[in-house]
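Next come the chains, spelled out residue by residue.
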Amino acid sequence: MRLDDAINIEDLHRIARRRLPRIIFDYIEGGVEDERGLQRNEAAFQQHRLLPRYLVDVSKRDQSRTAFGRTYASPFGISPTGGVALYQRRGGELLLAEAAAASNIPYIMSGGSSHSMEEAARIAPNNVWFQLYAAKDGDISDALIGRARDNGLGALVLTVDVPVHPKRERNYRNGFSRVRSGTLLESLKLKPSILAEAITHPAWVIEYLRHGGAPGLGNWTPHAPPGSSTAEVIQFGRTQTPASAQTWRDFERYRRLFPRALVVKGILNPADALRAVELGADGILVSNHGGRQLDQAPASLDALPAIRAAVGDKATVMLDSGVRRGADILIALCLGAQFVFSGRPNLYGAVAGGLPGVLKAVSIFHDEIDMVMAQIGCPSLDQLGPDFLWREDARRNL
């Protein structure tokens, strides 16, 4: 299948699977332990049905949505995903930034990106938010926040759901060295059987070798010791994260340091969401990290309604994890999300076709949203709510 033949996210998924060595594709695709969290995320959307209204004028439809003072073309954005340059060497995370700017949607740049926030800000000054993985050294966290502030990034997204490294069993089986304490980018030392499979994907192997092996960590380079090599920067970043001793007191400091929107990502408990808002959070991104941290955590969609009920209109409530269709985005909006993010679909697009592939993923979501809005009789997103969801007790649909 060629990129031009792809008509949905699953098509991009199939293309990406064929183009990448298993060891790399598994890193994108994998979860933790038994990977029940991955299944739970997608299954949560499948439990809901949209209830259409007819004889409504849907000749004009508006899917624009405002977040933190900026109006975007659609109610979805690109979630933070690190190491994109390992999957697609020609542009890496900058492809995601460029696609976000071209489509006028937000892009949350990962704290573990191969490229730097400065590079992304030059490409998409109105669309980039920055994900903060706090460092053990508080001065480094403060410096990262300062860079995000000084580069005019639209929001700081503090990720709180990685207190320790998880047990990603696909990585163990694929033979990553020091996998318990590091990341994929730290080293790519392959078992002979894995290497044999990898060379059946010559295009990726050639690009990997031509660019000198594993990419670095662009956002950590300025904070590593002067003169550090790529490998030394990666090692330095590994020693600084995760910040297991991080507390709400640190959050209060981050709030003082960043003057624009502060979002907390990874919250699943309504009490945490409420406390974050009370301490100054402007947004809550309900997320279980795409099923990559705690396998027993609830699906993000299942946790969403209670968090929206707790927070109300005091903050912008957003969601990621498990989104594969435009209808999924509309379901999340019906359940209380004000914005929705997706990660893997954009990586599938990047692998499948570089920038055109990411734009394809974005356009698939955009076009599906437009079509489903018409089908359910909803010309504007502000009309969405629980009344557009089918309830098993038919009397409750009246």
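**Describing the overall build of the protein chain**
Then, in step 1: Secondary structure assignment for the protein chain yields 16 helices and 10 strands.
Then, in step 2: Since a compact globule built from 398 residues should have a radius of gyration of about 21 Å, the 20 Å found for the protein chain is in line with a globular shape.
Then, in step 3: C-alpha atoms of the protein chain, sized along the principal axes, occupy 65 × 50 × 40 Å.
Then, in step 4: Buried residues in the protein chain amount to 58% of all 398 residues.
Then, in step 5: Here the analysis covers contacts within the protein chain between residues at least 6 apart in sequence; of these, 70% occur between residues at least 24 apart.
Then, in step 6: A total accessible area of about 17000 Å² is found for the protein chain, and carbon and sulfur atoms account for 51% of it.
Then, in step 7: The averaged location of the 43 negative side-chain charges in the protein chain is 3 Å from the averaged location of its 47 positive side-chain charges.

**Describing helix H5 (residues 93-103)**
Then, in step 1: Most of H5 sits out of view: 8 of its 11 residues are buried.
Then, in step 2: The inward-facing, buried residues of H5 abut strand E3 (76-78), helix H4 (84-87), strand E4 (107-109), helix H6 (117-123), strand E5 (128-132) and helix H16 (344-376).
Then, in step 3: Within two residues after H5, Asn104 carries a phi angle of roughly 55 degrees, on the positive side.

**What about the environment of Asp328?**
Then, in step 1: Mapped onto the elements of the fold, Asp328 is located in helix H15 (residues 326-334).
Then, in step 2: Looking at Asp328, the relative accessible area reads 10%, which means it is buried.
Then, in step 3: When the C-alpha atoms of Asp328 and Glu42 are compared, they prove to be 9.1 Å apart, with 286 residues separating the residues in sequence.

**Some details on the side chain of Thr316**
Then, in step 1: Mapping Thr316 onto the fold places it in strand E9 (residues 316-320).
Then, in step 2: Setting aside chain neighbours within four positions, we find Thr316 in contact with Phe68, Asp282, Gly283, Ile284 and Gln338.

**Quick look at the packing of aromatic side chains**
Then, in step 1: On inspection of all chains with the given rule, the structure shows 8 aromatic pairs.
Then, in step 2: Between Trp220 and Phe236, the ring centres sit 6.3 Å apart and the planes meet at 70 degrees, which makes this aromatic pair edge-to-face. Here Trp220, found in the loop between helix H10 (202-210) and helix H11 (230-240), pairs with Phe236, found in helix H11; they are 16 residues apart in sequence, far enough to count as distant. Of the two residues, Trp220 and Phe236, neither departs from the other in class, the shared state being buried.
Then, in step 3: Counting every residue linked through ring pairs, the aromatic cluster contains Phe68, Tyr72, Trp129, Phe339 and Phe341.

**Focus: the side chain of Arg89**
Then, in step 1: Mapped onto the elements of the fold, Arg89 is located in the loop between H4 and H5.
Then, in step 2: Of the side chains with opposite charge, Glu207 comes closest to the buried, unpaired Arg89, at an N-O distance of 6.7 Å.
Then, in step 3: Reaching out from Arg89, the side chain makes a polar contact with the backbone oxygen of Ala85 at a distance of 2.9 Å.
Then, in step 4: Dropping the residues within four chain positions of it, Arg89 is found in contact with Glu207, Tyr208, His211, Gly213 and Pro215.

**What to know about the nonpolar core**
Then, in step 1: Ranked by size, the top nonpolar core spans 104 residues in total, and within it Leu12, Ile284, Leu301, Leu319 and Leu384 carry the most contacts.
Then, in step 2: The element best represented in this core is H16, accounting for 14 residues.
Then, in step 3: In this structure, Ala67, Ile108, Val263 and Met318 belong to the second largest nonpolar core, which totals 12 residues.

**Points about the packing of helix H7 (residues 138-150) against helix H12 (residues 248-257)**
Then, in step 1: Two elements in contact, H7 and H12, have axes whose closest approach is 10 Å; the angle formed by their N-to-C orientations is 30 degrees. Considered as vectors, H7 and H12 are oriented roughly parallel to each other. Pair H7 / H12 crosses with right-handed handedness. Counting all contacts with H7, which are made through Gly138, Ser141, Asp142, Ile145 and Arg149, the residues of H12 involved are Arg253, Tyr254 and Leu257.
Then, in step 2: For the contact of H7 with H12, the residue count by class is 3 nonpolar, 2 polar and 3 charged.

**What about the confidence of the model for the protein chain?**
Then, in step 1: When the pLDDT values of the protein chain are averaged, the result is 93; 95% of them are 70 or greater.
Then, in step 2: Per-residue pLDDT stays below 50 along residues 177-187; that stretch engages in 30 contacts with residues further than four places along the chain or on separate chains.

Here is what the cut-offs are and how they apply
Residues numbered from 1 in each chain as written. Predicted model: local features only at pLDDT ≥ 70, side-chain atom pairs only at ≥ 80, totals over all residues. Heavy atoms only, no water. Helix = DSSP H or I, 4+ residues; strand = E, 2+ residues; numbered from the N terminus. Rg over C-alpha atoms; globule rule 2.2 N^0.38 Å. Buried < 20%, exposed > 50% of the residue type's maximum accessible area, 1.4 Å probe, protein only. Contact = heavy atoms within 4.5 Å. Areas by Shrake-Rupley, 256 points an atom, 1.4 Å probe, with all protein chains shown as cover. Lys, Arg positive; Asp, Glu negative; His and termini not counted. Charge placed at Lys NZ, Arg CZ, Asp CG, Glu CD. Phe/Tyr/Trp six-rings, centres within 6.5 Å; stacked < 30°, edge-to-face > 60°. Salt bridge = Lys/Arg side-chain N within 4 Å of Asp/Glu carboxyl O. Polar contact = N/O pair within 3.5 Å; in protein donor to acceptor, adjacent residues only side chain to side chain. Core = buried A, V, L, I, M, F, W, Y, C linked by side-chain atoms within 4.5 Å. Axes fitted to C-alpha atoms, helices over the stretch in contact; angles between N-to-C directions. Parallel < 35°, antiparallel > 145°, perpendicular 65-115°, else oblique. Left-handed = near helix turned anticlockwise from the far one by under 90°. Nonpolar A, V, L, I, M, F, W, Y, C, P; charged D, E, K, R; others polar. pLDDT = per-residue confidence, 0-100.

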